[in-house]
Structures are given as structure tokens and as C-alpha cells.
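Summary of structural features
Here is how the chains run, residue by residue.
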Amino acid sequence: MDYYEQLGVSKGAPADEIKKAYRKLALKYHPDRNQGNKEAEEQFKKISEAYAVLSDPEKRKQYDTFGSAGFQQKFSQEDIFRNVDLGDLLREFGIKMGGGGRATFRTSTGGGAGFFDDLFGMGGGRDFQGFRTTHRAQPVKGNDVSLELPVTLEEVLHGTEKTIALGHGSHADKVSVKVPAGIESGKKLRVTGKGSPSPMGGPAGDLYLVITVQPHPLFTREGNQLLVDAAVSYSGLALGTEVAVPTLDGKHLKVKVPAGSQPGAKLRLKGHGLPAGAKGPRGDLLARLTVNVPKTLTSEQAQLLRDLARSGL
């Protein structure tokens, strides 16, 4: 429900315009003028709820910030009508009130002072003026907070524990969080109760740490596989050779390069990639063959290459 639309005002409408719009609609839809009309009763309920929110600066700010869906998740009906004296407002509009300040409007289910109790589903222990209640309202939770958490490929491989300082100087609150092995960029880690404090004395929001895997100078991630370049000489590609391939663990594995291998071909090293989740198997390491072209040649090497060129190679 769009509260501004319900009252027919713009989002930037001042308080007096909101009050004037509610008065006009309350006189139009109140039950004495629409006896037995459930549609009018529903409209009266909606405009009263809209006014209760938009007439309160703090509630209006929360509504403008989080929108209708987010606001309804944070505020119960009792929160919405807390500290709102609609009874006094309606008397100001010239709408009659019964003894003790209770509304005398008749409902579609029969006359009586319990119109607002029935209308808003507020049973025993509540009255219209201020909507006081003997029941404890649900506290409003603080806002959730998101922060970026950078991790290295080595930390993705083994998993890690990070300590984050929330705040500044001596007031910083240090939080430790476990980063599981195999985690991917964009994944979120939740830390309960470390978000923003509640504006109404409720529990704090949660902290969400958004994982960002940092680029590596040698390895490129492809899911749970790793890709690394392996430079081989032209003669090595043509005749076959061995090449030392680095791994993320810090090792160098010797791999056979078959004769006639082409630049860009990939050699698979099983089980030397990244884990598929905290307890999943490791993926593979792919060694992509590149041609190592020397920048300088000896006279003998140059002559040999010229001979090769004349032979068609």
C-alpha cells in the first residue's frame, strides 16, 4: 500500500497538507456516512493507517527509506498507531465521540463503540484514543549493514578466519568470521547483531560481508578450476618436452608436453584446482601452453632457424 497515494498527496507534501487530505477523506469514508458499506470501511482503515505513518516524522522517514514492503516487515500495526491520537484529531474534524473519548461509529457488524477495535483487529485491552495496549509490541530491528570482504585465492583454497574492526579508534568492535574454503565472489557471510542499532530499542541489525576474491598474478579462476600459463619453446612444442607447472600450493609439477602440441592447448592436472565448497573435492589445474619466443639469438641459433625456414618449418 502506497500511503501517499492513499491520501492523494505527493511524497514531499508538508504536514498540514497531509492533515488536510486525511480530514477530507475521513469525513467522506467514516462509517456514519457509509453504514453497512464494507468498501468504505476498508478505505477508512487504509487512510487512517496512512495518516498514522505520514504524520509521524520518524515513521515517515523509515517508510521513505525502506518503502512499503520493508516498512511493513519492521513495523507491526501496534507500532504504526503507537502515540497517534486519532480520537482527538477526529473530534477536531467535528466527528462525534462517545463517552470516555471512544468512537461511537457503527460498524457493518452492528453499532457500538468498538469500531476501531473491530476495524483494526485490536481486541480487549486496547482503546481508540492513542490505541493503548496491554500487549507488548514487537520491537523494531535495526538496519542490516553490508561490507565488502576481500580474500585471496590462497585463502579460498584453504579457508581462513578474518578479523574485522567495526568503528574507529578505541571504540572499534572487532569481529572474527570464518571464511569457508571454496567460497566465490558475491557470496555473503552473515554476522548476527553487528548491524545498525535499532531506532526504537529493539535488536541490532545484522552484518553481511560480501566476498570479493582478489585477482592473482599467475592463476585465473574458472569455477573450481584454475588456469595458468606454461611457456614452452617452439622446438619443445614440435618435438615434445617437459615443463614445470606452478600450483597454488607453491609446488612445481613436471608435465609432459606431447610432440606437435599447439599454442593455447591445455594440459590437465587433476586435483590441483580449488575445492568445490568447504568439504568438496578439488577441481583441476589447467596449464595453457604458450610459445616462448626468445628476444635475442646467438649467431648459431639464427643460422639454424634460417635453415629451418628454408626447409619449410
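Residues numbered from 1 in each chain as written. Predicted model: local features only at pLDDT ≥ 70, side-chain atom pairs only at ≥ 80, totals over all residues. Heavy atoms only, no water.

**A short note on the overall build of the protein**
Tallying secondary structure elements over the protein gives ten helices and eleven strands in all. In the protein, which comprises 313 residues, the proportion classed as buried is 36%. A fraction of 55% describes how many contacts in the protein between residues 6 or more apart in sequence connect residues 24 or more apart. Accessible surface, the protein: about 17800 Å² in total, of which carbon and sulfur atoms supply 50%. (Helix = DSSP H or I, 4+ residues; strand = E, 2+ residues; numbered from the N terminus. Buried < 20%, exposed > 50% of the residue type's maximum accessible area, 1.4 Å probe, protein only. Contact = heavy atoms within 4.5 Å. Areas by Shrake-Rupley, 256 points an atom, 1.4 Å probe, with all protein chains shown as cover.)

**So, the sheet that holds strand β5 (residues 207-213)**
Whether parallel or antiparallel, the strands of a sheet pair through hydrogen bonds between backbone atoms. Judged by pairing direction, the sheet is mixed, and its three strands sit side by side in the order β1-β5-β4 without closing on themselves. Of all strands in the sheet, those with a lone pairing partner are β1 (145-151) and β4 (188-191), marking the two edges. Strand-to-strand, the axes of this sheet are offset by a mean angle of 30 degrees, without reference to chain direction. Of the pairings in the sheet, the one linking β4 to β5 comprises four bridges and is antiparallel in character. Across the sheet, residue R190 finds its bridge partner in β5, namely Y208. (Pairing = 2+ DSSP bridges. Axes fitted to C-alpha atoms, helices over the stretch in contact; angles between N-to-C directions.)

**Observations concerning the nonpolar core**
Membership of the largest hydrophobic core comes to 34 residues, with the highest contact counts inside it found for L209, I211 and V245. Non-local contacts of I211, meaning those with residues more than four positions away in its chain, are made with L149, V151, V179, I183, E184, S185, G186, K187 and L189. Counting residues in hydrophobic clusters, the runner-up holds 26 residues, among them Y3, Y4, L7 and A52. (Core = buried A, V, L, I, M, F, W, Y, C linked by side-chain atoms within 4.5 Å.)

**Digging into the sheet that holds strand β7 (residues 225-232)**
With mixed pairing, the four strands of this open sheet are ordered in space as β6-β7-β11-β10. One side of each edge strand has no neighbouring strand; the edge strands of this open sheet are β6 (220-222) and β10 (266-269). Each neighbouring strand pair of the sheet contributes to a mean axis angle of 35 degrees, computed without reference to strand direction. Of the strand pairs in this sheet, β10 and strand β11 (residues 285-291) are connected by four bridges, and their pairing is antiparallel. Opposite L269, over in β11, you have L285 as the bridge partner.

**Quick notes on the layout of surface pockets**
Size it by volume and the largest pocket reaches roughly 410 Å³. Lining the largest pocket are 14 residues, and of these Y234, S235, P294, L305 and L308 lie nearest its centre. Listing elements by their share of the lining of the largest pocket, those giving two or more residues are α9 (234-239) and α10 (299-310). Among the elements that take part in the lining of the largest pocket, α10 stands out by supplying four residues, more than any other. Taken together, the residues of the lining of the largest pocket sort by class into ten nonpolar, four polar and no charged. (1 Å grid on protein atoms, 1.4 Å probe; cavity = no way out; pocket = protein on both sides within 12 Å on 5 of 7 lines; lining within 4 Å. Points joined across faces, edges and corners; volume = space filled by probe spheres on them. Nonpolar A, V, L, I, M, F, W, Y, C, P; charged D, E, K, R; others polar.)

**Thoughts on the pattern of salt bridges**
Per the stated rule, a full pass over the model turns up seven salt bridges. Two residues, E155 and K162, come together in a salt bridge whose shortest N-O distance is 3.2 Å. Taking the shortest distance from any N to any O, the salt bridge between D173 and K194 comes out at 2.9 Å. Remark: K194 occurs in the loop between β4 and β5 and D173 occurs in strand β3 (residues 173-179); sequence separation between them is 21 residues. (Salt bridge = Lys/Arg side-chain N within 4 Å of Asp/Glu carboxyl O.)

That is the geometry; function is a separate question.
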